[in-house]
Amino acid sequence: MASRLIHSRLSLSRLYVMVGNKNGRLLSTESNKVDEPFKVEEAETVNVPPPPSEKLLVLGGNGFVGSHICREALNRGLSVASLSRSGGSSLHDSWAKNVTWHKGNLLSSESWKEALDGVTSVISCIGGFGSNSYMYKINGTANINAIRAAAEKGVKRFVYISAADFGLANYLLKGYYEGKRAAETELLTKFPYAGVILRPGFIHGTRSVGSIKLPLGVIGSPLEMVLQHAKPLNQIPLVGPLFTPPVNVTAVAKVAVRAATDPVFPPGIVDVYGIQRFSQQMSR
């Protein structure tokens, strides 16, 4: 009887040690004090392959940035689809055969919404230049339509390739930047905890135009090396944003795919320095 009583008291003692109160504080049986709450370190993003069920839709996947994103996503084991006005890709690279190509116009028809079936994340590279009204439609309205449709379909994460501010250039390309910022506002509203906005400046790398390959990195790479260490210049009034360093298209693609598949990637705006930092972390 005594041994059972001792055993019961020990069990209760262990139970009190293991159970915490509602505020997450541990109760101690040795005294009447309340232990301090556990200190939880901030979660870090981990570069791990996504589960096989992940399906990515790249809006504008046949463009310069979009094609690099498609290839990066395939290399990470994702099921990849692309939606663009022209549909299929003009690229002859072998990886392009592994992408499901959809044709659709985000401005004029709802038939493209079928491309969202089964999609878990979206990366939009939609953008363009022209008159102010045209630029607002392409950079703003088209992306807003896509964001709303993705939210209705229950897409988990949405990544938008936007653009860095360039000071005076913003006024010269008013429709372009007003469209971009309107799309950003919509994304942060519809995906407050799973929307990521990348704001690169000039994106360099090898760009294919038909059968011709343009080595944009010949200019962009040296500028990136110099300007990434000149961040204070970026704070100069009016002309400071012109010193925003270029960024490699491969870095943009890697960070975009990671942001679309990593559930702990922080939501919100990632500037060019953040893109460089995340890219460097993934290369270690």
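Residues numbered from 1 in each chain as written. Predicted model: local features only at pLDDT ≥ 70, side-chain atom pairs only at ≥ 80, totals over all residues. Heavy atoms only, no water.

> So what exactly am I meant to see when it comes to the sheet that holds strand β11 (residues 268–271) here?
Either a parallel or an antiparallel arrangement is found when strands of a sheet pair, and the pairing is made through backbone hydrogen bonds. The sheet built from 7 strands is open, its strands ordered β3-β2-β1-β4-β5-β6-β11 with parallel pairing. Pairing within the sheet leaves two strands with one partner each, and these edge strands are β3 (100–103) and β11. Direction aside, the axes of adjacent strands within the sheet are offset by 20 degrees on average. The pairing of strand β1 (residues 55–59) with strand β4 (residues 121–124) spans 4 bridges and is parallel. Looking at the pairing, valine 58 lines up with isoleucine 123 of β4. Strands in contact with helix α5 (residues 174–190) are β5 (157–161), β6 (195–199) and β11; relative to β6, the strand with the most contacts, it is inclined by about 155 degrees. (Pairing = 2+ DSSP bridges. Helix = DSSP H or I, 4+ residues; strand = E, 2+ residues; numbered from the N terminus. Axes fitted to C-alpha atoms, helices over the stretch in contact; angles between N-to-C directions. Contact = heavy atoms within 4.5 Å.)

> Please clarify how the packing of aromatic side chains should be interpreted in this entry.
A full pass over the atoms with the stated rule returns 4 aromatic pairs. Judged by centre distance (4.6 Å) and plane angle (40 degrees), the ring pair of phenylalanine 265 and phenylalanine 278 falls under tilted. Pair noted here: phenylalanine 265 is in the loop between α7 (249–261) and β11 and phenylalanine 278 is in helix α8 (residues 272–283), with a separation of 13 residues, a long-range link. Classification of phenylalanine 278 as buried rests on a relative accessible area of 9%. Here a set of aromatic residues connected by ring pairs shows up, and it is made of Phe129, Tyr176 and Tyr177. Of note, arginine 277 hangs over the ring of phenylalanine 278, and the distance from its end group to the ring centre comes to 5.4 Å. (Phe/Tyr/Trp six-rings, centres within 6.5 Å; stacked < 30°, edge-to-face > 60°. Buried < 20%, exposed > 50% of the residue type's maximum accessible area, 1.4 Å probe, protein only. Lys NZ or Arg CZ within 6 Å of the ring centre and 35° of its normal.)

> What is the right way to read the pairing of β5 from this model?
Buried residues dominate β5, accounting for 5 of its 5 residues. Of the strand pairs in this sheet, β4 and β5 are connected by 4 bridges, and their pairing is parallel. Each bridged residue has a counterpart across the sheet, and for isoleucine 123 the counterpart in β5 is valine 159. Between the parallel elements β4 and β5, the chain passes through helix α3 (residues 132–153) in a crossover that is right-handed. Bridge analysis of β5 against β6 gives 4 bridges, and the strand direction is parallel. When the bridges of β6 are listed, valine 159 appears paired with valine 196. (Right-handed = clockwise from strand over helix to strand, strands pointing away.)

> I'm lost on the layout of surface pockets in this one. Help?
As a volume, the largest pocket reaches approximately 1,000 Å³. Every residue lining the largest pocket is counted, 37 residues in all, and those nearest its centre are Cys125, Ile126, Gly127, Gly128 and Phe129. Those elements giving two or more residues to the lining of the largest pocket turn out to be α2 (64–75), β2 (79–84), α3 and α5. Looking at side-chain class alone, the lining of the largest pocket contains 21 nonpolar, 13 polar and 3 charged residues. (1 Å grid on protein atoms, 1.4 Å probe; cavity = no way out; pocket = protein on both sides within 12 Å on 5 of 7 lines; lining within 4 Å. Points joined across faces, edges and corners; volume = space filled by probe spheres on them. Nonpolar A, V, L, I, M, F, W, Y, C, P; charged D, E, K, R; others polar.)

> Even after reading the chapter, I still don't get the packing of α7 against α8, so can you show me in this structure?
Packed helices, taken two at a time, are described by the angle between their axes plus the distance between the axes. Relative orientation of the contacting elements α7 and α8 amounts to 80 degrees, with a least axis distance of 9 Å. Relative to α8, the element α7 is oriented roughly perpendicular. Between α7, through Ala251, Val252, Lys254, Val255 and Arg258, and α8, the contact on the second element is made entirely by Ile275, Phe278, Ser279, Gln281 and Met282. Tallied by class, residues from the contact of α7 with α8 come to 6 nonpolar, 2 polar and 2 charged. (Parallel < 35°, antiparallel > 145°, perpendicular 65-115°, else oblique.)

> How do you make sense of the pattern of salt bridges when you look at a structure like this?
Where charged atoms from two side chains of opposite charge come close, those side chains can pair. One pass over the structure, following the stated rule, counts 10 salt bridges. Here arginine 148 ties to glutamate 186 by a salt bridge, and the two come within 3.0 Å at their closest N and O atoms. Here arginine 148, found in helix α3, pairs with glutamate 186, found in helix α5; they are 38 residues apart in sequence, far enough to count as distant. The salt bridge partner of arginine 199 is aspartate 165, with a shortest N-O separation of 4.0 Å. (Salt bridge = Lys/Arg side-chain N within 4 Å of Asp/Glu carboxyl O.)

> I would appreciate a short explanation of α3 in the present structure.
Because an α-helix completes one turn every 3.6 residues, residues spaced three or four positions apart along the sequence face the same direction. Under the 1.5 Å per step criterion, the end-to-end length of α3 is 31 Å for 22 residues, consistent within 8% with the ideal 32 Å. At isoleucine 138, α3 is deflected by roughly 30 degrees, the largest bend along its length. Every buried residue belonging to α3 is among Met135, Ile138, Asn139, Gly140, Ala142, Asn143, Ile144, Ala146, Ile147, Ala149 and Ala150, and all of these are buried. Directly after α3, the chain includes glycine 154, whose backbone phi takes a positive value near 80 degrees. (Expected span 1.5 Å × (residues − 1). Bend = angle between axes of the 7 residues up to and from the residue.)

> Explain the nonpolar core here, please?
Across soluble globular proteins, you tend to see nonpolar side chains buried next to one another. Ile69, Ile123, Val159 and Leu198 are the most contacted members of the largest nonpolar core, which has 34 residues in total. For this core, the elements supplying multiple residues, two or more each, are β1, α2, β5, β6, α7 and α8. It is α7 that contributes the most residues to this core, 9 residues altogether. When neighbours within four sequence positions are excluded, isoleucine 69 is seen to be in contact with Val58, Ile123, Cys125, Ile161, Ala253, Ala256 and Val257. Membership of the second largest hydrophobic core comes to 26 residues, among which are Leu57, Ala115, Ala149 and Leu187. (Core = buried A, V, L, I, M, F, W, Y, C linked by side-chain atoms within 4.5 Å.)

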